[in-house]
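Descriptive structure summary
One-letter residues, chain by chain:
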Amino acid sequence: MSQLVLQNLTKHFLGATAVQDLWLEVQAGEILALLGPSGCGKSTILQMIAGVLQPDRGTIALDGKLLNRVPPEKRDIALVLQRGLLFPHLTVGENVAFGLKMRGINRAEREEKAIAMLHQVQLDGFGDRKPSALSGGQAQRVALARSLVIRPKLLLLDEPLSALDANLRAEMQDLILRLQTQTGVTLLIVTHDQAEAVVMSQRIALMFNGRLRQVDSPERIYQQPSDEPVAQFMGGVNFFAIQAQGQQWKLPNGLVLVSQHRHQGAIRATIRPEQIQVFTEMRSQNNVIPATVIANRFTGTQRRLTLAIAANLTLQAWVTPTQDFHVGQAVWAYLPPENLWYFSQTSALPQAVEVP
Amino acid sequence: MPFAERRWGLRHDGSGLLTHWRAYLLLLPVTGIIGLLFGGGLVMAFLQSIGAIGLLGSGQISLTAYQTALANPEFLRSLTLSVYIAIVATGLSTVFSIGLAILLRTAGRWASFACQVTLPIPHLVGIVGVLLLLSPSGLISRWLYALGGIQSDQDFPLLVNDAANIGVLLHFLWKEIPFMTLILLAVLRGINPAYEMQARALGASPWQCFWHVTLPMMKSGIFSSSLIVFGYIFASFEVPFLLGSTRPRTLPVLIYRAFTDSDLTRRPEAIALGIILSALSMLIVVAYSWLVSRNYQSMSRV
Amino acid sequence: MLRNTLIVLVIVVLFLPLLPLLVWSFSQGWFFPQFIPEQWTFQHWIQVFSPASRVMEGLVQSLAIALTTTILSLLVGLPAGRAIGLMEFPGKAALKLFLLTPIIVSPLATLMGMQFVLIRLGLNGTLFAVVLVHLMPTIPYMTLVLASVFANFDMGYEIQARSLGASPLQVLSQVTLPLIAPGVVVGALFAFLISWNEFLLTFFVSAGRVFTLPMVLFTLLQGGNNGLTAAVAITSVVPGLLFLLLASNALQNETTLAGLGNV
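The rules behind the values
- Residues numbered from 1 in each chain as written.
- Chains lettered and ligands numbered in written order.
- Predicted model: local features only at pLDDT ≥ 70, side-chain atom pairs only at ≥ 80, totals over all residues.
- Heavy atoms only, no water.
- Phe/Tyr/Trp six-rings, centres within 6.5 Å; stacked < 30°, edge-to-face > 60°.
- Helix = DSSP H or I, 4+ residues; strand = E, 2+ residues; numbered from the N terminus.
- Buried < 20%, exposed > 50% of the residue type's maximum accessible area, 1.4 Å probe, protein only.
- Lys NZ or Arg CZ within 6 Å of the ring centre and 35° of its normal.
- Contact = heavy atoms within 4.5 Å.
- Buried area = accessible area lost by both parts, 1.4 Å probe.
- Salt bridge = Lys/Arg side-chain N within 4 Å of Asp/Glu carboxyl O.
- Pairing = 2+ DSSP bridges.
- Axes fitted to C-alpha atoms, helices over the stretch in contact; angles between N-to-C directions.
- Domains from an automatic or database assignment.
- Nonpolar A, V, L, I, M, F, W, Y, C, P; charged D, E, K, R; others polar.
- Polar contact = N/O pair within 3.5 Å; in protein donor to acceptor, adjacent residues only side chain to side chain.

Within the structure shown, the criterion is met by 30 aromatic pairs over all chains. Ring geometry for phenylalanine 237 of chain B versus phenylalanine 199 of chain C: centroids 6.4 Å apart, planes at 10°, classification stacked. Residue phenylalanine 237 of chain B is found in the loop between helix H9 (206-235) and helix H10 (238-243), and its partner phenylalanine 199 of chain C is found in the loop between helix H9 (168-197) and helix H10 (200-206); the two belong to separate chains. Residues phenylalanine 237 of chain B and phenylalanine 199 of chain C agree in their burial class; the two are buried. Seen from their ring centres, phenylalanine 192 of chain C and tryptophan 196 of chain C are 5.8 Å apart, and the 15° between their planes marks the pair as stacked. On the criterion of helical spacing, the pair formed by phenylalanine 192 of chain C and tryptophan 196 of chain C is a turn pair, its members being four residues apart in helix H9. With relative accessibility at 2%, the residue tryptophan 196 of chain C sits in the buried group. The structure contains a cluster of three or more aromatic residues connected by ring pairs, namely Phe237, Phe241, Tyr256 and Phe259 of chain B together with Phe199, Phe203, Phe204 and Phe218 of chain C. Cation over ring: arginine 129 of chain A sits above phenylalanine 126 of chain A, and NZ or CZ is 4.0 Å from the ring centre.

Written as structure tokens, this is what we have:
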């Protein structure tokens, strides 16, 4: 049985709908990312799960027990807000022990647990400091310690890394994942950063405008997005029209690609930029097409090439930077059949949507 | 509009009166008490002034009290004096407070604290101080004498209980400038200095920067603090009574005299005058809110 | 440099009226054009503390009234301030204006009306009546200050606390109140000072039975004993000044005060 079950969850604000008919199941010990652009309603869902916001419709159940009428302090769910919000009038140690104090645990035991938790987040000796003396990264760690020390069943993180510098982010990601392994807590992370979601989670629930679009592992969302907006959000940039006849996919300029998927009719095809291979010499294989380099950008880890295929068709190919290209150079682009994906233009439903 | 905004949860609870019941409930004690005391008091006073109830109330509604009040030759002179004092004192206080707030903006804690120490001093104490300082036999007069500026206490210009009410004005300046400065300083410190830096970087002189950037950003603070001060001065009794001219008197002093007159028939007249005074003050509040709403329509809030 | 000179000048002018007060309270017969009193005396101060002059009695009454008024206005002002600071609702702008009326509109007519009712109820001349009228100007100030405090209060703290297991009551006592404490002090300071310095309102409902320090002072001001008047004046300043010093830390929190400029 799933640990957390959301059914038909709906919430309106001032006439507009924040969340519409949401169905989601989360397994115990799982790491799920709630991904979507700002304003899509994901923070609202977290608030409803935590109990600080009441849904207009729908149910929330934890381990089979209905939570709708249960106040937040009795839900055994810990919420860490975006800004950390360490209580400024308490020391770091008192902050971490706060949840324990609310549960009536005596002082000696509280202090012991707080110190142990601070050790786990690598902040030994910070117990007597005031929150104002902490850096952003340190404050975030205290916030994590504060919510994990009470051993919740479910930990909700609202954009935990968005306020941190880029180099701190990787460190914090590691810490969060490590803590999750150590404690086994079910983790629900809200983020608008698809790269973050992909790195940190086992499953991604992608949302637009209050509705779930795709719930899948990161690999599948990358390789098989359910529709074009999903693909675009995940960083996909190559979308082009195809006339499909079975497995023969005809490009606008007449060239034919071979694909692993069969379809009949007009479709929108996509391929991720990292999967296109660029050769300086012609190869007689399927799916190798001539192209001209029209832009070349070095990002440190990649070389991002914009290739002109036909009059209205350009593709982005992101290759390893070992080889350099110059603008105007004639190349051959290889689009591996296994990496070609498509969205049917005629069907109303998105492809491969998973309704748990 | 993003839903996960700056403030959480309760702020956007949907529309409709019923969903705001929490807010109205929290406001009930305050609105109830003020409505009962202030509103109720006014209603009672009004009823007295038209003769419906009261010591001499015959139960017959009439407007004679108002007629007597308005026919009183002193009324117009009192009104003019009250308005004159309020406008001059508020205007000067505002200008000086803005200046002082700007001076203190970059000064240390002790400077601003020192300027606010006189705030808790009651008006009455200030009146005593002003009297002892500025009366013909007061301290300043004695200093002038010692310096040879005047020959006797009669030569010292009349500053208290004088026709121009200079003592009154000075007292209000002394009391209200720290008050307004306190508020304006806080407003000023809440302004992001980046705006002014940007203005200077675009070529504005210090004065231009002040006039076109800083001052507009202080507008609402200036409006509301000057409104409070104006209202207070307009309604002030102790200060003009003790420091002001004996003729004409300000409106509150006129009312006080009428009310405490041993001739009890003057009571309804006093109350009528009081109602008129309250009505005038409320007019000011209405005018202010109209001005402010017009102001906010024409300029975007920063 | 110019700035500092100007500031010093302002401070000197502000403190100037206090100078004669101090000197007069210790002088015996200080006539024009004497610069310094010929005779010094403690007589005025002795009088202040003697029961016969009833000055101490007035001080105690003032204190009792001011403290009661402050506590009452705090109790009603806290929920109201929270509603205005944190919630949106129809009629909010009108409500803020409504709150301003007792501060701006002349209370004379209202007082005359209230006195009428209080006489009928037999409450005229009681401490209760005085506290009641003092609530009129103190509640608006208290509410507006608290509204500003709450407007700057991040509700996220309360949500975080609930999520960590705090009941609503625990949230209030462990999180909310400690965090708004400085603002509460400022509001209490305003309320206390307003009530402490209030003359006219007290006068109308005192019926000669209640007398506060301002009333003592008012009577003395119409007499000729400058020395005693000065001594009583200084006495009435002391508690307010003490409160201000205690609250000086809280007054540095300017965001609260800026709220008064935001009506």
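There's plenty left to go through after this.
What follows concerns the interface of chain C and chain A. Interfaces are often sized by the amount of accessible area the parts lose when they come together. Between chain C and chain A, the residue contacts involve 18 residues of the former and 24 residues of the latter. Between chain C and chain A, the buried area comes to about 1,800 Å², and carbon and sulfur atoms account for 62% of it. Per-residue buried area on chain C facing chain A is highest for Gln160, Ser163 and Leu164 of chain C; these three make up 35% of the total on that side. The tally of links between chain C and chain A comes to one salt bridge. The salt bridge partner of arginine 162 of chain C is glutamate 73 of chain A, with a shortest N-O separation of 2.8 Å.

So, on to the sheet that holds strand S12 (residues 256-270) of chain A. Residue and element names in this part refer to chain A. Strand order across the open sheet formed by three strands is S11-S12-S18, with antiparallel pairing between neighbours. With partners counted over all chains shown, the strands left at the sheet margins are strand S11 (239-250) and strand S18 (341-344), one partner each. Across this sheet, the average inter-strand angle for adjacent strands is 40°, counted without regard to direction. Where S12 and S18 come together, four bridges link them in antiparallel fashion. Considered in S18, the bridge of alanine 269 is made with tyrosine 342.

Now for the sheet that holds strand S4 (residues 57-62) of chain A. Residue and element names in this part refer to chain A. The four strands are arranged S2-S1-S4-S5 in an open sheet whose pairing can be described as antiparallel. Taken across any chain shown, the strands that pair with only one partner, and hence form the sheet edges, are strand S2 (16-26) and strand S5 (65-66). Strands strand S1 (4-13), S2 and S4 of the sheet are contacted by helix H1 (residues 42-50), whose axis makes an angle of about 120° with S1.

What follows is about the pairing of strand S9 (residues 203-208) of chain A. Residue and element names in this part refer to chain A. Among the six residues of S9, six are classified as buried, and the element is accordingly described as predominantly covered. Bridging between strand S3 (residues 31-35) and S9 involves four bridges; their strand directions are parallel. Pairing of alanine 33 across the sheet is with isoleucine 204, part of S9. Bridging between S9 and strand S10 (residues 211-216) involves five bridges; their strand directions are antiparallel. Bridging across to S10, methionine 207 finds its partner in leucine 212.

As a further point, take the domain arrangement of chain B. Residue and element names in this part refer to chain B. Taken domain by domain, chain B comprises domain 1 (1-49) and domain 2 (65-296). Taking only C-alpha atoms, the centre of domain 1 and the centre of domain 2 are 31 Å apart. With five residues of domain 1 at the interface, the matching set in domain 2 holds eight residues. For the pair domain 1 and domain 2, the summed buried surface comes to about 510 Å²; carbon and sulfur atoms form 77% of the total. Looking at the side of domain 1 facing domain 2, the largest losses of area belong to Leu42, Gln48 and Ser49, adding up to 73% of the total buried there. If you look at where domain 1 meets domain 2, you find zero salt bridges. Looking at the side of domain 1 that touches domain 2, its residues break down into three nonpolar, two polar and no charged.

Once that is clear, we can look at unusual backbone geometry. For residues besides glycine, phi is generally negative; the peptide bonds are generally trans as well. A cis amide bond links arginine 247 of chain B with the next residue in sequence, proline 248 of chain B, at an omega value of -10°. Among the structural elements, proline 248 of chain B can be located in the loop between H10 and helix H11 (251-259). Within the chain, asparagine 8 of chain A stands out as a residue other than glycine whose phi angle is a positive 60°. Of note in the backbone geometry, aspartate 63 of chain A takes a positive phi value of approximately 50° without being a glycine. As for its placement among the helices and strands, aspartate 63 of chain A is situated in the loop between S4 and S5. Accessibility expressed as a relative area gives 37% for aspartate 63 of chain A, which makes it partly exposed.

It is worth spelling out the interface of chain B and chain C at this point. Listed per partner, the contact involves 100 residues of chain B and 101 residues of chain C. Summed over both partners, the interface of chain B with chain C buries about 8,900 Å², with 79% contributed by carbon and sulfur atoms. The interface formed by chain B and chain C contains zero salt bridges. At the boundary of chain B with chain C, the tally comes to six residue pairs in polar contact (both at pLDDT 80 or more). The element contributing the most residues to the side of chain B that touches chain C is helix H1 (residues 21-49) of chain B, with 17 residues. Each residue belonging to the side of chain B that touches chain C can be placed in one class, and the counts come to 68 nonpolar, 22 polar and 10 charged.

Right, let's talk about the environment of alanine 270 of chain B for a bit. Positionally, alanine 270 of chain B belongs in helix H12 (residues 266-298). Beyond its immediate chain neighbours, meaning those up to four positions away, alanine 270 of chain B contacts Ile255, Ala258 and Phe259 of chain B together with Met112 of chain C.

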